[in-house]
Protein chains: 2
Amino acid sequence: MTAMDPRTLRNAFGTFLTGVTVVTAHGQDGEPLGFTANSFSSVSLDPPLLLVCLAKSSSNYDALTEASGFAVNILAETQKDVSNTFASRVEDRFATVDWKVGPNGSPVLSDVAAWFDCSMHNVVDAGDHAILIGEVKAFETGVANGLGYARGAYFTATQEVSSIQVDSETVVSALLERDKKVLFFEDDAGQLRLPTRNVSKGTPTKELTALLEEVGVPSSVGFIYSVYEDEEANAQHLAFHCSAGEGASQSGTFLALTDDVLARVQDAATQIMLGRFAKETQKGNFGIYFGNHENGEVRKIALGE
Amino acid sequence: MTAMDPRTLRNAFGTFLTGVTVVTAHGQDGEPLGFTANSFSSVSLDPPLLLVCLAKSSSNYDALTEASGFAVNILAETQKDVSNTFASRVEDRFATVDWKVGPNGSPVLSDVAAWFDCSMHNVVDAGDHAILIGEVKAFETGVANGLGYARGAYFTATQEVSSIQVDSETVVSALLERDKKVLFFEDDAGQLRLPTRNVSKGTPTKELTALLEEVGVPSSVGFIYSVYEDEEANAQHLAFHCSAGEGASQSGTFLALTDDVLARVQDAATQIMLGRFAKETQKGNFGIYFGNHENGEVRKIALGE
């Protein structure tokens, strides 16, 4: 027998960064119920499955494990208060948030990074928790950044960081991505550049927000992807990885990062950074993405109603 | 029948922030095998369980599902290259990393944020993936920050951010935490303050690193927790949430954030921030932590060898 300290184990588990979700369902009395959870994982694309772990000691345990379905709401970085509400003993948690009944019947919250309305696929017993496996029947997603959780506290990779004030000699650029393609501006000679701005003294986000509006595709300020000394501009360069929604750009074009495209990027430092990004996002197809990447499958999934 | 676009679904799943792990085992030929995965979740504290999802199309599928155990290595933010190696078709992935055989027999990597050496508890079929549930037989963790993954690309909440150059009027402070307690310096009058430094023009991290060395407890520069205008100092204030390892401090004391302790914090803005931190870390006991929080259990877990 070996003793294992649960506090140390919990701390070790906490080194794995996670997002934050609110899991919702309707109880047998028809009332909506929900709780905050970070033990979420995507599982399968075909059929579309996800999972979330639920403590047996939870007051929602019976209602959830007997429910015909549940929804998972992935909180946006602006929704710390929603996380706190659904993690505390608030009388009516749903009174404080904007929500509706999802297509499959469970409550889905407004302004989240994504929601998934699921039918119950399987409940797996696992120690002091149960693993709820849901089959996604409907989902919706936007461009908001997810709220982060690390070592027992929230982090917002964008919000806090983007309010840091910088010197005047700073350049911000947007690595605006959609489906592994990146938005470029093209000049008459066929040279490519990223949307880029010089920042006057202040916070980089304001300029970046203006830059993204100029591009004219739904998007939001994303994670800092790279910080480096831009020798050409004699300034520090902050590149933000931003996620683009649907729609065409007024001023730029989304291009896959092929060798040909990279060769047309004039700025050397940007070229190197994009080469790294191409390599990482290509190789980064692990986890849920791995299977389809290996098989090269991109097809419609047929879902039974 | 409804068609669901797998690319859009994958993007929606990708809004949930994750860490990055390398899952390892020994194949039936005795050779070490490993692959990068972000579909990890902690599951249970008693017994100590975790899970990871594995694509059925993976070349490691048979070896993993038939293995008697596996290890999960949570990568540190300095280990993008390790993630890339174990996500690509490198001939001998283990040749490029420092590793050893863990106490339960699976390969564990050096310099990770944490590793867990597990026995196979259960394999659950789930669509195009299998869920491997492992029982933790041994684990180790340190103070390194975990590598992050969001929307198909890495992010490092600390590394990139901390290289941003700031104006001279900047104050950095360390919210150095261990088991929900925070390190304070105490003056003769019993007033408390966080380890704090003014930053001369440059990167805040250098000063913060020096500050942490002064404190004398193993730790590393953590996530930016709060950025605000420090009116008293007429400067911007960057507070970093840092994680402390074992050991006593030469100059400070770890205190729980009770009302009494908060009342002794002289600086008003710091007091407000710590009040928020106390509330969040207390309420933040969701997911794997929820059960024990609700029950208030802190006890040793007995493990069979």
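Placed above this text is the structure.
Small disclaimer: the values here were computed from a predicted structure and weren't measured. Residue positions are given per chain, counting from 1 as you read along its sequence in written order. Here every chain gets a letter starting at A, and every ligand a number starting at 1, in the order they are written. Whole-chain, interface and lining totals are the exception, using all residues; otherwise, since this is a predicted model, local features are given only for residues with pLDDT of at least 70 and side-chain atom pairs are given and counted only at 80 or more. In computing side-chain values, all of the structure's heavy atoms are included and hydrogens and water are not.

### Brief notes about the sheet that holds strand E10 (residues 114-126) of chain B
Filter applied, for reference: In this description, strands pair whenever DSSP reports at least two bridges between them. A run of H or I in DSSP counts as a helix once it spans at least four residues, and a run of E counts as a strand once it spans at least two, with each numbered from the N terminus. Here the axes come from fitting lines to C-alpha atoms, over the contacting stretch only for helices, and the angles between their N-to-C directions go from 0 to 180 degrees. We call two residues in contact whenever any of their non-hydrogen atoms come within 4.5 Å of each other.
Spatial ordering of the open sheet is given by E4-E3-E7-E10-E11-E6-E5 (chain B), a layout of seven strands whose pairing is antiparallel. The open sheet has two edge strands, strand E4 (32-37) and strand E5 (40-45) of chain B, and neither has a second partner. When the angles between neighbouring strand axes are averaged without regard to direction, this sheet yields 30 degrees. The pairing of E10 of chain B with strand E11 (residues 129-141) of chain B spans 12 bridges and is classified as antiparallel. Counted as the bridge partner of Ser119 of chain B is Glu135 of chain B from E11 of chain B. Packed on one face of the sheet, helix H1 (residues 6-13) of chain A meets E5, strand E6 (48-55), strand E7 (69-74), E10 and E11 of chain B and runs near 170 degrees to E5 of chain B.

### Looking at the packing of aromatic side chains
Worth spelling out the cut-off: Pairing of aromatic rings covers Phe, Tyr and the six-membered ring of Trp, with a centre-to-centre limit of 6.5 Å; geometry is then stacked below 30 degrees between planes, edge-to-face above 60, and tilted otherwise. Partly exposed residues are those whose accessible area sits between 20% and 50% of the maximum for their type, while under 20% is buried and over 50% is exposed, using a 1.4 Å probe and protein chains only.
Tallied over the full model, the rule gives 17 aromatic pairs over all chains. Here Tyr225 of chain A and Phe277 of chain A contribute two aromatic rings whose centre-to-centre distance is 5.2 Å and whose plane-to-plane angle is 90 degrees, an arrangement assigned as edge-to-face. Taken together, the residues Tyr225 of chain A in strand E18 (residues 219-230) and Phe277 of chain A in helix H6 (residues 268-283) connect sequence positions 52 residues apart. Each member of the pair, Tyr225 of chain A as well as Phe277 of chain A, carries the same accessibility label: buried. Among the aromatic side chains, those forming a connected cluster through ring pairs are Phe155 and Phe223 of chain A together with Phe155 and Phe223 of chain B.

### Side note on the environment of Ala256 of chain A
Residues and elements named next belong to chain A. Structurally, Ala256 is set in strand E20 (residues 253-256). For Ala256 and Leu183, which are 73 residues apart along the polypeptide, the C-alpha to C-alpha distance reads 9.0 Å. Those residues within four positions of Ala256 in sequence are excluded, and the remaining contacts are Lys180, Lys181 and Val261.

### Structural notes on the side chain of Asn145 of chain B
Going by this rule: Whenever a nitrogen or oxygen atom comes within 3.5 Å of another N or O atom, the pair is scored as a polar contact, on the condition that within protein one atom can donate a hydrogen and the other can accept it, and that pairs from neighbouring residues in sequence are kept only if both atoms are in side chains.
Tracing the chain through its elements places Asn145 of chain B in the loop between E11 and strand E12 (148-150). Residue Asn145 of chain B is classed as buried on the basis of its relative accessible area of 6%. Reaching out from Asn145 of chain B, the side chain makes a polar contact with the backbone oxygen of Val221 of chain B at a distance of 2.6 Å. Those residues in contact with Asn145 of chain B, other than ones at most four positions away along the chain, are Arg151 of chain A together with Leu75, Ala76, Glu77, Thr158, Ser220, Val221, Gly222 and Phe223 of chain B.

### Notes on helix H1 (residues 6-13) of chain B
In plain terms, the rule: Working note: the arc is built from the helix axis to C-beta atom directions.
Of the positions making up H1 of chain B, those classed as buried are Pro6, Leu9, Arg10, Ala12 and Phe13 of chain B. Along the long axis of H1 of chain B, the arc covered by the buried residues comes to 160 degrees, so they all point the same way.

### Notes on the sheet that holds strand E7 (residues 69-74) of chain A
In sheet architecture, strand pairing relies on hydrogen bonds along the backbone and comes in two forms, parallel and antiparallel. The seven strands are arranged E4-E3-E7-E10-E11-E6-E5 (chain A) in an open sheet whose pairing can be described as antiparallel. Single-partner strands in this sheet number two, and they are strand E4 (32-37) and strand E5 (40-44) of chain A. Here the average twist between neighbouring strands, direction ignored, is 35 degrees. In terms of strand pairing, strand E6 (residues 49-55) of chain A meets strand E11 (residues 129-141) of chain A through seven bridges, oriented antiparallel. Counted as the bridge partner of Leu54 of chain A is Ala130 of chain A from E11 of chain A. The strands touched by H1 of chain B are E5, E6, E7, strand E10 (114-126) and E11 of chain A; relative to E11 of chain A, the strand with the most contacts, the crossing angle is about 125 degrees.

### Here's the deal with unusual backbone geometry
Residue and element names in this part refer to chain A. Cis peptide bonds are those with omega within 30 degrees of zero, and the linkage from Asp46 to Pro47 qualifies with 0 degrees. Mapping Pro47 onto the fold places it in the loop between E5 and E6. Backbone geometry places Arg151, a non-glycine residue, at a positive phi of 50 degrees. By the secondary structure assignment, Arg151 is in the loop between strand E12 (148-150) and strand E13 (153-155). For Asp179, which is not a glycine, the phi torsion comes out positive at approximately 50 degrees. Along the chain, the position of Asp179 falls in the loop between strand E14 (170-178) and strand E15 (181-186). The partly exposed category is assigned to Asp179, whose relative accessible area is 26%.

### Re the side chain of Ser119 of chain B
Residue and element names in this part refer to chain B. With respect to the secondary-structure elements, Ser119 resides in strand E10. Polar side-chain contacts of Ser119 include one of 3.2 Å to the side chain of Asn104. Leaving out residues up to four positions away in the same chain, Ser119 has contacts with Ser68, Gly69, Asn104, Ile133, Gly134, Glu135 and Lys137.

### Describing helix H4 (residues 204-215) of chain A
Residue and element names in this part refer to chain A. What counts is decided by this rule: Expected helix span is given by 1.5 Å per residue-to-residue step, counting one fewer step than there are residues.
Here H4 spans 17 Å end to end across 12 residues, near enough to the 16 Å set by a 1.5 Å rise per residue. Buried within H4 are the following residues: Pro204, Thr205, Leu208, Leu211, Leu212 and Val215. Mapping the buried residues of H4 onto a view down its axis gives an arc of 120 degrees, with all of them on the same face. Opposite the packed face of H4, turned more than 90 degrees from it, sit the exposed residues Lys206 and Glu213. Contacts from the buried residues of H4 go to E14, E15, strand E17 (196-199), E18 and strand E19 (235-244). Once H4 ends, the next one or two residues include Gly216, with phi positive near 80 degrees.

### Overview of the pairing of strand E18 (residues 219-230) of chain B
Within a regular beta strand, the side chains point alternately toward one face of the sheet and then the other, so they alternate between its two faces. All names here are of chain B. For E18, the buried fraction is high: nine of the 12 residues fall into the buried class. One ladder, built from nine bridges, connects E18 with strand E19 (residues 235-244); its direction is antiparallel. In the sheet register, Tyr228 faces E19, and the bridge partner there is His237. The antiparallel pairing of E18 with E19 creates a hairpin that spans four residues between the two strands, and Asn234 there sits at a positive phi of about 50 degrees.

### Section: a negative patch on the surface
Residue and element names in this part refer to chain A. Operational definition: Without a salt bridge and with relative accessible area above 30%, a residue can belong to a patch; like charges are then joined within 9 Å and nonpolar side chains (Val, Leu, Ile, Met, Phe, Trp, Tyr) within 5 Å. Here the accessible surface of atoms and residues is derived via Shrake-Rupley with a 1.4 Å probe, and residues count as covered only by protein chains that are part of the display. Counted as salt bridges are all cases of a side-chain nitrogen of Lys or Arg within 4 Å of a carboxyl oxygen of Asp or Glu. Within this scheme the basic residues Lys and Arg register as positive and the acidic residues Asp and Glu register as negative, but His and the chain ends are omitted. The atoms used to mark charge sites are NZ of Lys, CZ of Arg, CG of Asp and CD of Glu.
Taken together, the side chains of Asp29, Glu31, Glu91 and Asp92 present a region of like negative charge at the surface. Locating Glu31 in the fold gives a position in the loop between strand E3 (21-26) and E4. What makes Glu31 partly exposed here is its relative accessible area of 49%.

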